[in-house]
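# Structural features, examined
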Amino acid sequence: FHQPTSISLKHDKKLVAVGMAEPRMVEFYSIDEKTTYEDGVKTKVSVSFLKKSDERLHKTNMKHMFLDFEGKFYVTGSDEEDTTIKAWSLSGENLASFSTSQLKNHHILRSEDGRFLAVAAWTSDVMIVELKTNKDGSLKSLGKAMALKGHRKGIIDVNFNPTNDKVVTLSKDQTIKLWNIDVRYEMSEDPKCLETININDHEELKVLIDATATRLGLLSVNSRDLILMTHHSNIFIFDVQKNKVIDTIVNAHSEGSQIYKLAFKEHKGKP
């Protein structure tokens, strides 16, 4: 009866967690691949409710939830004035909390390896938060790893590439930036801005100037960096090295709908 806003799987796909905006809680389900019969219908996968967390994990609607790949803990966050990212044990203990010290978080993304969270927020800096784990997979600490500084206005969206060494950001200053985050941040080495793309310089991208729901994707193929950008149901594919839009997917979903996330998967060795 509640609206789910996030879903996350354990690596072995035997546990799934579902985050609810209201009442700001997480429900856990087990996934069993044994064959069952119900009303004469053969089913190979069954889903069973396990438990739920306490309610009101955040002060405002909870929009983000990431289950640790090993199923040891989960992380939650809000898109609104509650800018504290929280880590929880499956038993409900608050393991760690980290405030981004922003007025409002717009979006939170997790890297493919589960090590980092990137926060798009009201201010111009992008916070990269690190989830450090112990050898047994339990959470060791939750804290700031680095900040991406260079935009002049608030951040609309941010995303990692699948190899977790680059990040793309979109700002209200009407620029897109590509960053190298494969740096020795433990030794205070700053991430490097590799490219800045001015939206006004590209006719196809001008529709993004006033877009506040644009979602980004980043993929590196044969030394080429491809940035994907959504506008409602359309997807633009931008080649950074060629400095131009090389393709547009029109109505990737039903016309007028809004795409909320982009992800990549390898197929036969190719992304």
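Residues numbered from 1 in each chain as written. Predicted model: local features only at pLDDT ≥ 70, side-chain atom pairs only at ≥ 80, totals over all residues. Heavy atoms only, no water.

This next bit is on the packing of aromatic side chains. What the rule picks out here adds up to 3 aromatic pairs. Geometrically, the ring pair formed by F28 and Y74 is edge-to-face, given 5.4 Å between the ring centres and 65 degrees between the ring planes. Here Y74 lies in strand β8 (residues 73-78) and F28 lies in strand β3 (residues 25-32), a separation of 46 residues in the sequence. The class for F28 is buried, based on a relative accessible area of 1%. Aromatic pair F116 and Y185: ring centres 5.9 Å apart, planes at 75 degrees, arrangement edge-to-face. Separated by 69 residues along the polypeptide, F116 in strand β12 (residues 116-121) and Y185 in the loop between β17 (175-180) and β18 (192-198) bring together distant segments of the chain. Assigned by exposure class, F116 and Y185 land together as buried. Stacked on the ring of F28, the Lys or Arg K51 has its end atom at 5.8 Å from the ring centre. (Phe/Tyr/Trp six-rings, centres within 6.5 Å; stacked < 30°, edge-to-face > 60°. Helix = DSSP H or I, 4+ residues; strand = E, 2+ residues; numbered from the N terminus. Buried < 20%, exposed > 50% of the residue type's maximum accessible area, 1.4 Å probe, protein only. Lys NZ or Arg CZ within 6 Å of the ring centre and 35° of its normal.)

For the protein, the average pLDDT comes to 90, and 97% of its residues sit at 70 or higher. Summarising per-element confidence for the protein, the mean pLDDT is lowest in strand β4 (residues 36-38) (72) and highest in β17 (97). (pLDDT = per-residue confidence, 0-100.)

Residue P23 is bonded to the preceding E22 through a cis peptide linkage, with omega at 10 degrees. With respect to the helices, strands and loops of the structure, P23 is situated in the loop between β2 (15-20) and β3. For S188, which is not glycine, the phi torsion reads 65 degrees and is therefore positive. Note on placement: S188 falls in the loop between β17 and β18. Classification of S188 as exposed rests on a relative accessible area of 62%. For H232, which is not glycine, the phi torsion reads 55 degrees and is therefore positive. Inspection of the secondary structure puts H232 in the loop between β20 (224-231) and β21 (234-239).

Taken in spatial order, the 4 strands of this open sheet run β11-β12-β13-β14, and their pairing is antiparallel. Whereas interior strands pair on both sides, the edge strands pair on one side only; in this sheet they are β11 (105-110) and β14 (139-148). Direction aside, neighbouring strands of the sheet carry axes that sit 20 degrees apart on average. With 8 bridges joining them, strand β13 (residues 126-133) and β14 adopt antiparallel strand pairing. Note that in β14 the partner of L131 across the bridge is L142. (Pairing = 2+ DSSP bridges. Axes fitted to C-alpha atoms, helices over the stretch in contact; angles between N-to-C directions.)

For β20, the tally of buried residues reaches 7 of 8 residues, placing the bulk of the element in the interior. By the bridge criterion, 6 bridges tie strand β19 (residues 216-221) to β20 in an arrangement that is antiparallel. Residue pairing for β20: S220 is matched across the bridge by D225. Taken together, β19 and the strand that follows it, β20, pair antiparallel across an intervening segment of 2 residues, in which N222 is found at a positive phi of about 50 degrees. As defined by bridge partners, β20 adjoins β21 across 6 bridges and the pair is classed as antiparallel. Residue L226 lies in a different strand from β21, and its bridge partner there is D239. Where β20 folds back onto β21 in an antiparallel hairpin, the turn is made up of 2 residues, including H232, whose phi is positive at roughly 55 degrees.

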